[in-house]
Amino acid sequence: MKRSLLACFLLFFIPLPAIEWLSPIAIYLTWESDPCTTMSVRWITEELQIGRGLSYQVDRPNAPVLTAPVATCRFPEDHHYYLHAAQLTDLTPGTTYRFTLDGLGHDHRFSTMPSSLSAPLTFVIGGDVNLSDVRLFDETSQQVARQHPAFVAIGGDLACAASKNPTKSEHCSQWITWFSHWYTMMQTENGTIIPVLATAGNHDVKGAFGQTPEQAPFFTLFFPTPMKKGYAVLRFDTYLSLYLLDSGHMSSPYGEQARWLAHELSHDEKMLHRLAVYHVPAYPAARSYRSNCSTAIRQNFVPIFDTFHLHMAFENHDHIYKRTYPMTAHHVDPHGVVYIGNGPWGTIPRSPKNLSSRNYLETWRSVRQVCLVTLTPTQRSVQALTYDGLIIDQYSQPVQ
Ligand SMILES: [Fe+2]
């Protein structure tokens, strides 16, 4: 980790027209802060490419062209790849921008998030993206891109490049495959790239559970969080707080993360929609209810969700779609939290186990799926979208 940090440079754009740049392996968009007024544009190359600039403008004729400083960072563990990042700030909410990298030859687009829900906002939450066969990853990704989501939030296990053995290096090639497929699949016909947010799963951190951020050098490079601890909240003006939590991989759900979560949620009382995304489910449908990690989520996150009235928690890791009844203190309560998700994006689904003891489940399906979430000022709704484009479950809550 220290070596990769030492290899970071912050450069201001100096036009070098004589250079012929190679196309990046992948371009992706994410957020480190306000999704309404910022965008982190990132790209991966196999060569250093210091001096390659990024220009951007509002997507309308004669809009002024702006440039942004680019930070370049070598991949961890001595791999010969480079991550380049430009943090665009002071953007206008709800606006489409064009951007281009020097020498790329074509533009891409992105849209900032709106400052209000004057129109419905639809985005996708999913997880367990590429555990086995990249064709499964592509198949579901194609369905996701067809929905034109405003962004995608991934609840862990992206490239699955990290081993259970905390001393083993990561499989860098799996990250390269992941990002190149993501870049290809997650853009619309006119080159609009869909931003991606992510929280880590066990396959993203060397050692899987009970580790530190230093054990996830790739994940933390690709998806930095302000506190560098693997968890964060993104606030979309006054209509959405999205909690990206770490279910015990590089930060424990006990102690500091739990205190932080309670503190942040306690300030979100007036936020219209309060959603959380994390990897290990509190309420599994296939894996053991009594596993250490699920128990830890129920003991730490769930009471905080209950106290501060989280609306929905999006869970993963279980590889089977499920939706619980609304629950408070582990009992059905019409005003409680709904736990939803679990279906794998890109791996073989599991069958349910011990259903008779899982009285918290309202529905389940053993299928690859993602959650299509739509927010309005009066309602939040979720559709479970399968890899082949079917809606297998729908659920909505009124805003109260
Ligand atoms: Fe997992």
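Scroll up to find the structure.
Residues numbered from 1 in each chain as written. Predicted model: local features only at pLDDT ≥ 70, side-chain atom pairs only at ≥ 80, totals over all residues. Heavy atoms only, no water.

**Let's talk about empty space enclosed by the protein**
Counted under the stated rule, the structure contains 2 cavities of 30 Å³ or more. Put simply, the second largest cavity is a space of about 30 Å³. Forming the walls of the second largest cavity are Ile125, Gly126, Phe314, Glu315, Asn316, Ile340, Gly341, Asn342, Gly343, Gln369, Val370 and Cys371. Here the lining of the second largest cavity gets 3 residues from one element, more than from any other, and that element is strand S22 (residues 369–375). Of the residues assigned to the lining of the second largest cavity, the class counts are 5 nonpolar, 6 polar and 1 charged. (1 Å grid on protein atoms, 1.4 Å probe; cavity = no way out; pocket = protein on both sides within 12 Å on 5 of 7 lines; lining within 4 Å. Points joined across faces, edges and corners; volume = space filled by probe spheres on them. Helix = DSSP H or I, 4+ residues; strand = E, 2+ residues; numbered from the N terminus. Nonpolar A, V, L, I, M, F, W, Y, C, P; charged D, E, K, R; others polar.)

**Looking at the sheet that holds strand S15 (residues 273–277)**
Judged by pairing direction, the sheet is mixed, and its 7 strands sit side by side in the order S13-S14-S15-S16-S20-S17-S21 without closing on themselves. In this open sheet, the two edge strands, each paired with only one partner strand, are strand S13 (232–236) and strand S21 (361–365). Across the sheet, the axes of successive neighbouring strands diverge by a mean angle of 15 degrees, strand direction being ignored. Packing of helix H6 (residues 292–308) onto the sheet brings it into contact with S15, strand S16 (312–315) and strand S20 (338–341), and relative to S20 it is tilted by some 125 degrees. (Pairing = 2+ DSSP bridges. Axes fitted to C-alpha atoms, helices over the stretch in contact; angles between N-to-C directions. Contact = heavy atoms within 4.5 Å.)

**Some remarks on the coordination of the iron ion**
Summarising the metal site, the iron ion is bound by the protein donors Asp157 (OD), Asn202 (OD1), His279 (NE2) and His317 (ND1), whose distances to it range over 2.1 to 2.2 Å. If you list the donors of the iron ion from N- to C-terminus, the spacing comes out as D-x44-N-x76-H-x37-H. In this pair, His279 is assigned in the loop between S15 and H6 and His317 in the loop between S16 and strand S17 (321–324), connecting sequence segments 38 residues apart. Like His317, His279 is buried. (Donors = N, O, S within 2.8 Å, 3.2 Å for Na, K, Ca; no water. Buried < 20%, exposed > 50% of the residue type's maximum accessible area, 1.4 Å probe, protein only.)

**Points about the pairing of strand S3 (residues 39–45)**
By the criterion of burial, S3 is predominantly enclosed, with 7 of the 7 residues buried. Residues Met39, Val41, Trp43 and Thr45 line one face of S3 and the alternating positions Ser40, Arg42 and Ile44 line the opposite face, and both faces are buried. Sheet topology places strand S2 (residues 26–30) next to S3; 5 bridges connect them, and they run antiparallel. The partner of Ala26 across the bridge, within S3, is Ile44. Where S3 and strand S7 (residues 82–88) come together, 7 bridges link them in antiparallel fashion. Its bridge partner being in S7, Thr45 is matched across the sheet by Tyr82.

**Section: the packing of aromatic side chains**
Scanning the entire structure with this criterion turns up 32 aromatic pairs. Aromatic side chains Phe75 and Phe218 sit 5.9 Å apart centroid to centroid with 85 degrees between the ring planes, which places their arrangement in the edge-to-face category. Separated by 143 residues along the polypeptide, Phe75 in the loop between strand S6 (70–74) and S7 and Phe218 in helix H4 (residues 217–222) bring together distant segments of the chain. A relative accessible area of 3% places Phe75 in the buried class. A centroid spacing of 6.1 Å and a plane angle of 40 degrees characterise the contact between Phe301 and Phe305, whose relative ring orientation is tilted. Here Phe301 and its partner Phe305 are both found in helix H6, 4 residues apart, which amounts to about one turn of the helix. For the pair Phe301 and Phe305, one class covers both residues: buried. Looking at Arg298, its charged tip hangs above the ring of Tyr289, at a distance of 3.5 Å from the centre. Taking NZ or CZ as reference, Arg368 lies 4.1 Å from the ring centre of Tyr387, over its face. (Phe/Tyr/Trp six-rings, centres within 6.5 Å; stacked < 30°, edge-to-face > 60°. Lys NZ or Arg CZ within 6 Å of the ring centre and 35° of its normal.)

**Quick look at the packing of helix H5 (residues 256–266) against H6**
Two elements in contact, H5 and H6, have axes separated by 10 Å at closest approach and are oriented at 15 degrees. Between H5 and H6, the crossing angle belongs to the class labelled roughly parallel. Crossing geometry of H5 relative to H6 is assigned as right-handed. Contacts between H5 and H6 pair Gln257, Ala258, Leu261, Ala262, Leu265 and Ser266 from the former with Asn300, Phe301, Ile304, Phe305 and Phe308 from the latter. Here the contact of H5 with H6 is composed, by residue class, of 8 nonpolar, 3 polar and no charged. (Parallel < 35°, antiparallel > 145°, perpendicular 65-115°, else oblique. Left-handed = near helix turned anticlockwise from the far one by under 90°.)

**So, the packing of helix H2 (residues 134–146) against helix H3 (residues 172–185)**
Where H2 meets H3, the axes come as close as 10 Å, and the angle between the chain directions of the two elements is 30 degrees. Classified by the interaxial angle, the pair formed by H2 and H3 is roughly parallel. Between H2 and H3 the crossing geometry is right-handed. In this structure, H2 uses Val134, Phe137, Asp138, Ser141, Gln142 and Ala145 to contact H3, whose residues at the interface are Thr177, Trp178, His181, Trp182 and Met185.

**Topic: the sheet that holds strand S23 (residues 379–386)**
The strands making up a sheet associate through backbone hydrogen bonding, with each pair oriented either parallel or antiparallel. What the 6 strands build is an open sheet, ordered S12-S11-S10-S22-S23-S24; its pairing is mixed. The two strands at the open ends of the sheet, each matched to only one other strand, are strand S12 (196–199) and strand S24 (391–398). Strand after strand, the sheet turns through a mean of 20 degrees between neighbouring axes, direction not considered. As paired strands, strand S10 (residues 121–126) and S22 are joined by 5 bridges and run antiparallel to one another. Its bridge partner being in S22, Phe123 is matched across the sheet by Val373.

**Observations concerning the state of the cysteines**
Taken as a whole, this structure holds 0 disulfides when the rule is applied. The cysteine Cys293 is free of any disulfide, with Cys160 supplying the nearest cysteine sulfur at 15 Å. Free cysteine Cys371: the closest other cysteine sulfur is in Cys160, separated by 18 Å. Residue class for Cys371 comes out buried when judged on its relative accessible area of 2%. (Disulfide = S-S within 2.5 Å.)

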